[in-house]
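Here are the chains, one letter per residue:
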Amino acid sequence: MPRVSPDRIAATKGQILDGARRCFAEHGYDGATVRRLEAATGLSRGAIFHHYQDKAELFFALAKEDDERMAQLAASHGLVQVMRDLLRRPEELDWLTTRLEITRRLRTEPQFRERWTHRSTAVREAALARLAHKQSDGRVRADIPVEVLYEYLQLMLDGLVSHLASGEDIARLEAVLDMVETAIRVSAEPPADRAPA
C-alpha cells in the first residue's frame, strides 16, 4: 500500500474539520449525522473515521483547533480583539456554534468536561500572559489581579457569543466593547490598536 505524505494527511484532516465545523454549525452536534458529515466534508465515512475515531473525537479535535486559533489571537491582540473580530467577521459564526456546543457539553457531559478541562488551557494562559505583560507596562490597571481581569473578559466574551448566536442586534456592541476596554485600562485614551487586553 502506498504511503500517504504528512502534507496530504494534514490537508485531509483540515478538509474534514472545515466541513465538520459547517455541519455542526448548521445542524448542531446531535443533528450532524454521519451522512451529513459526509456531505459537508466531501469524504466517505471511512475516510472521516480513519482520521477521527468517532463523532465525539471529531468534535473534540474541532473544538481544540478553534480554541488554539482563539488563543493565538488572544496572545497577539487580546480578548477584546477576539470579541471585536467576532463582530466584524460574520464567517466566524461557525466558530460561535462550536463554542455554544462546547458550553452545552461542559454542562451536561462529565466525561467531556473532564477531558476539556485538562486540555483546554491555551486561551486562558495566553490571555493571562498578555494581561500580566500589559499590567507590568502600566497599560492595564494594577489594582485588580490579572486573574480577575481575565474572568471579567471571559464573561464578556461568553455574553457576546450568546448575544450573537441568538441573532440579537449588534449595532451598539462596538460601543459596549469600548466600555469593556476602558474598564480595564489605566488610561481612558484608546491605544492605537484598540486592543490592550
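Below is a short write-up of the structure. (Residues numbered from 1 in each chain as written. Predicted model: local features only at pLDDT ≥ 70, side-chain atom pairs only at ≥ 80, totals over all residues. Heavy atoms only, no water.)

Moving on, we get to the packing of aromatic side chains. Counting across every chain of the model gives seven aromatic pairs. Relative to tyrosine 29, the ring of phenylalanine 24 has its centre 5.7 Å away and its plane inclined at 15°; by these criteria the two rings are stacked. Relative to phenylalanine 112, the ring of phenylalanine 59 lies with its centre 6.2 Å away and its plane at 45°, an arrangement referred to as tilted. Residue phenylalanine 59 is found in helix H4 (residues 55-77), and its partner phenylalanine 112 is found in helix H7 (residues 110-119); the two are separated by 53 residues along the sequence. Exposure class is identical for phenylalanine 59 and phenylalanine 112. Each is buried. Members of the aromatic cluster, joined through ring pairs, are Phe24, Tyr29, Phe59, Phe60, Phe112 and Trp116. The ring of tyrosine 29 has arginine 105 lying over it, and the distance from NZ or CZ to the ring centre is 4.3 Å. (Phe/Tyr/Trp six-rings, centres within 6.5 Å; stacked < 30°, edge-to-face > 60°. Helix = DSSP H or I, 4+ residues; strand = E, 2+ residues; numbered from the N terminus. Buried < 20%, exposed > 50% of the residue type's maximum accessible area, 1.4 Å probe, protein only. Lys NZ or Arg CZ within 6 Å of the ring centre and 35° of its normal.)

A few words now on the pattern of salt bridges. Scanning all chains against the criterion turns up 17 salt bridges. Glutamate 38 is paired through a salt bridge with arginine 45; the nearest N and O atoms lie 3.5 Å apart. Notably, a salt bridge pairs arginine 141 with aspartate 143, separated by 2.7 Å at the nearest N-O pair. According to the relative accessible area criterion, aspartate 143 is exposed, its value standing at 54%. Taken together, the shared-partner salt bridges connect Arg84, Arg88, Glu174, Asp178, Glu181 and Arg185 into one network. (Salt bridge = Lys/Arg side-chain N within 4 Å of Asp/Glu carboxyl O.)

Attention now goes to helix H5 (residues 79-88). Of all the ten residues making up H5, nine are buried; the element is thus mostly covered by neighbouring parts of the structure. Of all the positions in H5, only Leu79, Val80, Gln81, Val82, Met83, Arg84, Asp85, Leu86 and Leu87 are classed as buried.

Residue position: leucine 106 is located in helix H6 (residues 93-108). In sequence terms leucine 106 and threonine 117 are eleven residues apart; their C-alpha atoms lie 8.9 Å from each other. In contact with leucine 106, not counting residues within four places along its chain, are Phe112, Arg113 and Trp116. (Contact = heavy atoms within 4.5 Å.)

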